[in-house]
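# Residue-level structural notes
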Amino acid sequence: MPQALLTGQLPSLPSWAAHNAQTRDYYFKEWGRAQFVERALFETLCLLIFQCGMRWSTILSKRPHLREVFMGFNPEWVAQLGPVDVNRILEDPKVIRNRRKIEAIIANARATVQLNADGYQLADLVWERLDHPQWDNEKTLRRLLQRMRAAGYKHVGPKLLSSYLQAVGVNTAQSPGPLQAELMSHTRAV
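As recorded in an unreviewed UniProt entry, the protein goes by the name DNA-3-methyladenine glycosylase I, listed as coming from Gleimia hominis.

Here it is, written out as structure tokens:
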């Protein structure tokens with residue numbers, strides 16, 4: 001078990017993670033873990049889009065219903081949603097009722113499906129920087145932003161992508177915090 005957990009001396013958490021038990025649980029169990037599975041990468045992108053302007057705790061509390069409404073965040077299924085579905089989703093009080101965000105989720109599902117049709121995965125875009133020996137956050141973000149927008153992704157910007165790369169383990173794998181590093185080394189050792 002990681003020493004920080006054994007001693008009970010946890011490092012200070014980011015403010016969003018310290019909000020409640022659910023956000024702490026997410027931070028320690030999911031945030032910063034390397035994700036390569038397309039559905040998980042797509043779900044994280046969707047949740048971050050919904051999170052813009054809101055507390056992360058709100059998004060996590062709505063996540064089970066969002067998974068239901070967006071069919072497990074399966075890009076192929078979400079890509080088939082149309083205007084009637086958008087209106088139905090907007091009437092659901094259990095989701096974030098923002099037309100632009102919902103339409104962006106659908107557009108991003110379609111972009112992901114098109115990537116697949118072209119022989120690529122979302123992970124190919126996200127983890128492409130591993131081909132470059134020098135991590136340069138600004139250049140990496142700019143390159144990923146350009147590639148995602150060119151592929152048809154919507155509602156993505158530098159701030160969201162920076163959070164995304166941290167959440168899916170791309171950036172934190174390069175420079176993890178003390179507990180993340182210890183957890184990652186423990187996970188590798190098991």
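### Some words on the overall build of the protein
Summing up its helical and strand segments, the protein has 12 helices and 0 strands in all. Each helix (α) and strand (β) of the protein, taken in turn from the N terminus, gives the series α-α-α-α-α-α-α-α-α-α-α-α. Within the span of the protein, comprising 190 residues, buried residues form 45% of the whole. Restricting to contacts in the protein with at least 6 residues of sequence separation, those with at least 24 account for 67%. In the structure as shown, the protein presents an accessible area of about 10,200 Å², 51% of it carried by carbon and sulfur atoms.

### Description of the environment of Val69
Here Val69 lies in helix 4 (residues 56–69). On the accessibility criterion, Val69 (11% relative accessible area) is buried. Considering only alpha carbons, one finds Val69 and Asp85, 16 residues apart in sequence, at a separation of 9.8 Å. Excluding its chain neighbours within four sequence positions, the residues that come into contact with Val69 are Ile89, Asp92 and Val95.

### Some remarks on the side chain of Asn108
Checked against the element boundaries, Asn108 lands in helix 7 (residues 99–117). Here Asn108 falls in the buried class, since its relative accessible area comes to 1%. In this view, Asn108 contacts Phe42, Leu45, Ile49, Gly152, Tyr153 and Lys154; residues no more than four positions away in its chain are not counted.

### A word on the packing of helix 3 (residues 38–51) against helix 7
The geometry of helix 3 relative to helix 7 is characterised by a closest axis approach of 10 Å and an angle of 155° between their N-to-C directions. Taken as axis vectors, helix 3 and helix 7 run roughly antiparallel relative to one another. Crossing handedness for the pair helix 3 and helix 7: right-handed. Along the contact surface, helix 3 presents Glu38, Phe42, Leu45, Cys46, Ile49, Phe50 and Gln51, while helix 7 presents Lys101, Ile102, Ile105, Asn108, Ala109, Thr112 and Asn116.

### Here's the deal with the nonpolar core
Ranked by internal contacts, the top residues of the largest apolar core, which has 52 residues, are Phe70, Leu122, Val126, Tyr153, Leu161 and Tyr164. Among the secondary structure elements, those contributing two or more residues to this core are helix 2 (21–29), helix 3, helix 4, helix 6 (83–90), helix 7, helix 8 (122–126), helix 9 (137–150) and helix 10 (158–167). If one sorts the elements of this core by residue count, helix 3 sits on top with 8 residues.

### Quick notes on the pattern of salt bridges
Tallied over the full model, the rule gives 6 salt bridges. One salt bridge connects Arg63 with Glu30, and the closest N-O pair in it is separated by 2.7 Å. Here Arg63 is found in helix 4, whereas its partner Glu30 is found in the loop between helix 2 and helix 3, with 33 residues between them in sequence. What makes Arg63 buried here is its relative accessible area of 12%. Note that Arg88 and Asp85 form a salt bridge whose closest N and O atoms lie 3.3 Å from each other. Taken as a pair, Arg88 and Asp85 lie in helix 6 at a separation of 3 residues, close to a single helical turn. On the accessibility criterion, Arg88 (44% relative accessible area) is partly exposed. Taken together, the shared-partner salt bridges connect Glu30, Glu43, Arg63 and Arg67 into one network.

About the cut-offs
- Within every chain, residues take consecutive numbers counted from 1 along the sequence as written.
- Given that the model is predicted, a residue must reach a pLDDT of at least 70 before its local features are reported, and side-chain atom pairs must reach 80 or more before they are shown or counted; all residues, however, enter totals for whole chains, interfaces and linings.
- Only heavy atoms go into the side-chain values, all of them from the structure, while hydrogens and water stay out.
- Under the scheme used here, helices are H or I runs from DSSP no shorter than 4 residues and strands are E runs no shorter than 2 residues, and both carry numbers assigned from the N terminus.
- Only protein chains enter the area calculation, which uses a 1.4 Å probe; residues under 20% of their type maximum are buried, those over 50% are exposed, and those in between are partly exposed.
- By the convention used here, residues are in contact when the closest approach between their heavy atoms is within 4.5 Å.
- Under the convention used here, a 1.4 Å probe and the Shrake-Rupley method define accessible areas, while residue burial counts only the protein chains that appear.
- Helix axes use the C-alpha atoms of the stretch in contact, all axes being lines fitted to C-alpha atoms, and the angles between their N-to-C directions lie in the range 0 to 180 degrees.
- Geometric relationships in this document are graded by angle, where less than 35 degrees denotes roughly parallel, more than 145 denotes roughly antiparallel, 65 to 115 denotes roughly perpendicular, and other angles denote oblique.
- By the definition used in this description, the sense in which the near helix is turned from the far one sets the handedness, with an anticlockwise turn below a right angle giving left-handed and a clockwise turn giving right-handed.
- We call a set of buried residues a nonpolar core when its members are Ala, Val, Leu, Ile, Met, Phe, Trp, Tyr or Cys and they connect through side-chain atoms within 4.5 Å of each other.
- By salt bridge we mean one thing: a side-chain nitrogen of Lys or Arg within 4 Å of a carboxyl oxygen of Asp or Glu.

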